[in-house]
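Breakdown of the fold
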Amino acid sequence: MRREAVMVRVRFAPSPTGYLHVGGARTALFNWLFARHSQGTFILRIEDTDRTRSTEESIDQIVEAMRWLGLDWDEYCRQTDHSDAHQVAAESLLDADLAYEHEGAWWFRVPKEGQTVVHDELLGDVSFQNEQLKDFAIRRSDGTFVYNFAVVVDDADAGITHVIRGDDHLNNTPKQIFLYHALGRPLPRFGHLPMILGPDRTRLSKRHGVTSVLEYRRRGLLPGAMVNFLARLGWSHGDQEIFTREELVSLFSLESIGSSSAVFEEGKLRWLNQQHMKAADPTRLAHEVRPFLLERGGVTEAVWDAAGEERLARGVALLRDRSGTLVDLAEVMTILFPLPLSAEEKVALDAEKRDLVRAVIAAFEPVDPFTPEAVERAMREALDERGAKLKDVAQVCRIAVTGRSVGPSLFDTLAVVGRDLVLGRLQAALAGATA
RNA sequence: GGUCCCGUCGUCUAGCGGCCCAGGAUAUCGGGCUCUCAUCCCGAAAACACGGGUUCGAAUCCCGUCGGGACCA
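Residues numbered from 1 in each chain as written. Chains lettered and ligands numbered in written order. Predicted model: local features only at pLDDT ≥ 70, side-chain atom pairs only at ≥ 80, totals over all residues. Heavy atoms only, no water.

A few points about the overall build of chain A
Each helix and strand in chain A was counted, giving 18 helices and 12 strands. Scaling as 2.2 N^0.38, a compact globule of 435 residues should have a C-alpha radius of gyration of about 22 Å, whereas chain A reaches 30 Å, well beyond that. Taking the principal axes of its C-alpha atoms as reference, chain A extends roughly 100 × 50 × 40 Å. Each of the 435 residues in chain A was classed as buried or not, and the buried ones make up 49%. Just so you have it, chain A exposes about 21200 Å², and 49% of that area is on carbon and sulfur atoms. (Helix = DSSP H or I, 4+ residues; strand = E, 2+ residues; numbered from the N terminus. Rg over C-alpha atoms; globule rule 2.2 N^0.38 Å. Buried < 20%, exposed > 50% of the residue type's maximum accessible area, 1.4 Å probe, protein only. Areas by Shrake-Rupley, 256 points an atom, 1.4 Å probe, with all protein chains shown as cover.)

A word on the sheet that holds strand β2 (residues 41–46)
Judged by pairing direction, the sheet is parallel, and its three strands sit side by side in the order β1-β2-β3 without closing on themselves. With partners counted over all chains shown, the strands left at the sheet margins are β1 (9–12) and β3 (75–78), one partner each. Averaged over all pairs of adjacent strands, the angle between strand axes in this sheet comes to 25°, irrespective of strand direction. Of the strand pairs in this sheet, β1 and β2 are connected by four bridges, and their pairing is parallel. Bridging from a neighbouring strand, Arg9 pairs with Thr41 of β2. Along the sheet, helix α4 (residues 147–158) makes contact with β1 and β2, crossing β2 at roughly 150°. (Pairing = 2+ DSSP bridges. Axes fitted to C-alpha atoms, helices over the stretch in contact; angles between N-to-C directions. Contact = heavy atoms within 4.5 Å.)

Notes on the nonpolar core
Formed by 56 residues in total, the largest nonpolar core has its most connected members in Trp304, Met333, Phe364, Met379, Leu414 and Leu426. Setting aside anything within four residues of it in sequence, one finds Leu426 in contact with Val357, Val360, Ile361, Phe364, Cys397, Ala400 and Val401. Core analysis: the second largest hydrophobic core is formed by 51 residues, Ile164, Ile196, Leu214 and Tyr216 among them. (Core = buried A, V, L, I, M, F, W, Y, C linked by side-chain atoms within 4.5 Å.)

Considering the protein's contact with RNA strand B
Lining the immediate surroundings of RNA strand B are 42 residues, of which Arg201, Gly234, Lys278, Arg322 and Gly407 lie closest. Leu410 is positioned such that a nitrogen or oxygen atom in its backbone is 2.9 Å from a base nitrogen of RNA strand B. For the surface near RNA strand B, the elements supplying multiple residues, two or more each, are β7 (124–129), β12 (262–263), α9 (267–279), α16 (390–402) and α17 (410–417). Per-class residue counts for the surface near RNA strand B are 14 nonpolar, 15 polar and 13 charged. (Near = heavy atom within 4 Å. Polar contact = N/O pair within 3.5 Å; in protein donor to acceptor, adjacent residues only side chain to side chain. Nonpolar A, V, L, I, M, F, W, Y, C, P; charged D, E, K, R; others polar.)

Some words on unusual backbone geometry
Residue Pro369 follows Asp368 across a cis peptide bond; omega there is 0°. The phi dihedral of Gln39 is positive, around 50°, even though this residue is not glycine. Within the secondary structure, Gln39 sits in the loop between α1 (22–37) and β2. For Gln39, a relative accessible area of 66% corresponds to the exposed category. In this model, Asp97 sits at a positive phi of 60°, which is unusual for a non-glycine residue. Mapping Asp97 onto the fold places it in the loop between α3 (83–95) and β4 (99–102). Judged by its relative accessible area of 47%, Asp97 falls in the partly exposed class.

Points about the sheet that holds strand β5 (residues 105–108)
Read across the open sheet, the three strands follow the order β4-β5-β8; overall the sheet is antiparallel. Every other strand in the sheet has two partners, leaving β4 and β8 (136–139) as the edge strands with one partner each. Averaged over neighbouring strand pairs, the angle between their axes works out to 45° when direction is ignored. Bridge count between β4 and β5: four bridges; the pairing is antiparallel. The residue of β5 that forms the bridge with Glu101 is Trp106. Packing of α3 onto the sheet brings it into contact with β4, β5 and β8, and relative to β5 it is tilted by some 65°.

Here's the deal with the pairing of β7
As judged from the six bridges shared by strand β6 (residues 115–120) and β7, these two strands associate in the antiparallel manner. Counted as the bridge partner of His119 is Asp125 from β7. The turn joining β6 and β7, which pair antiparallel and follow one another in sequence, is formed by three residues.

Focus: the pattern of salt bridges
Tallied over the entire structure, the rule returns 29 salt bridges. A salt bridge links Asp135 to Lys112; its shortest N-O distance comes to 3.4 Å. In this pair, Asp135 sits in the loop between β7 and β8 while Lys112 sits in the loop between β5 and β6, placing the two residues 23 residues apart along the sequence. Between Arg380 and Glu376 there is a salt bridge, and its shortest N-O distance comes to 2.8 Å. Linking Arg380 with Glu376, this pair stays in helix α15 (residues 372–385), spanning four residues, or about one helical turn. A residue is classified by how much of its surface remains accessible, and Arg380, at 36% relative accessible area, is partly exposed. Looking at Glu376, the relative accessible area reads 27%, which means it is partly exposed. If you follow the salt bridges from partner to partner, you end up with Arg11, Arg45, Glu47, Asp154 and Asp155 in one network. (Salt bridge = Lys/Arg side-chain N within 4 Å of Asp/Glu carboxyl O.)

Some details on the environment of Ala25
With respect to the element layout, Ala25 can be found in helix α1. In this structure the C-alpha to C-alpha distance between Ala25 and Ser212, which are 187 residues apart in sequence, comes to 9.3 Å. When near neighbours in sequence (up to four residues on either side) are disregarded, Ala25 contacts Leu20, Leu69, Leu71, Val213 and Leu230.

Some words on helix α2 (residues 56–69)
Taking 1.5 Å per residue as the helical rise, α2 with its 14 residues ought to reach 20 Å, and the 20 Å between its terminal C-alpha atoms agrees with that figure. Those residues of α2 not exposed but buried are Ser58, Ile59, Ile62, Val63, Ala65, Met66, Trp68 and Leu69. Of the residues one or two after α2, Gly70 is the one with positive phi, at around 80°. (Expected span 1.5 Å × (residues − 1).)

Laid out in structure tokens, this is it:
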């Protein structure tokens, strides 16, 4: 029993003329998943031949976005490194009379009859009548090479086995096939992915709002959630919605990619992000929110570190249920730190409630350790003695301690905020109400 | 305009001839849980673009129409 040892080699080839957008990211992801699934090689090739529009800044942004998504590459190169190879290949076509010069540009001779069929891994066989195709330029009069020519030379030289890209390139494929043949290079397999569209069903672009991958990082999305979301745009595995990166790698296959285009809508992304936050290890998640809390200004590194890893993890575990993003989580996590509360609600205290709050304070003072169970016991006892119900003070305490009327279980909240902060804030509420 | 691709709930999708008067998820609405909100649980509404075939039987195969998209001009 022998298996043919075809090492998969795929690439993602963005042009550095802007940030990495979600469409490009999905193409990169599918290539990456395919490579990792088949233990092949994933190459990042920057198509920077268009000197006037390519920028170093774009390259940095793309690289950063790829890193954030966790799409690591095994080889890296730039198209401009291959200019010599393009020249040599183009001259060979000229020498063989497969191309000719006309008004300074070099043109490839397209056969006038027969048909060319693309054996697409996703679409099946797609036929083109050669007579429909016209001769096309491979080198411009200024000496630069045309896209369709450069990619073929690059892919052939890199030994790319599968060209997986957006189906906006499907119509270019027969031309590229001619070039592979003319150059005497083996044909790779092709797989054309359906496009991602905006809500108006046209090709996704900047005017559709946020499409930059890094913008989603800024908004507090987890890369794992983004990857999960992008993968599900076109790819599926039965009814499963939530996937870890590892599951994606092991389950991925080209056959399970759909053939119709998908509309990019963020609705599910937020839900998916929450699911990933809920599933995350609290300590790791705490690490992920950290920059968002530091950004808010109030929390310094010293304040953060003083809070303690264990307590922060507990806070994260408690507060993440009502947070769709790291930004939301950071917002509510501020209650854990000894900082002034951004009170969204005012504490409303009448004489009766003031007495209850005083009683609660007194009951909390000796509680040690300040666990949810101990807090609940102390509070209920104090209330029972006065014939009061939890309802009577729960919201008052919540607002006094968190500045908000919504949040997790009161006892859990109080426990994680800690006795000192809780007592201080309850006192402050009494003082404020007196004034 | 030419060529090519695509067409299942608003959106992402399952479905690869009978398991489908179409399943899941999200979003929406209603209910439950509860110290609040959220999570969570339960429920409702919501789709096979249309018309012809093929077949005992079609969302699934074929043809046409319409619609959308992309590429090239």
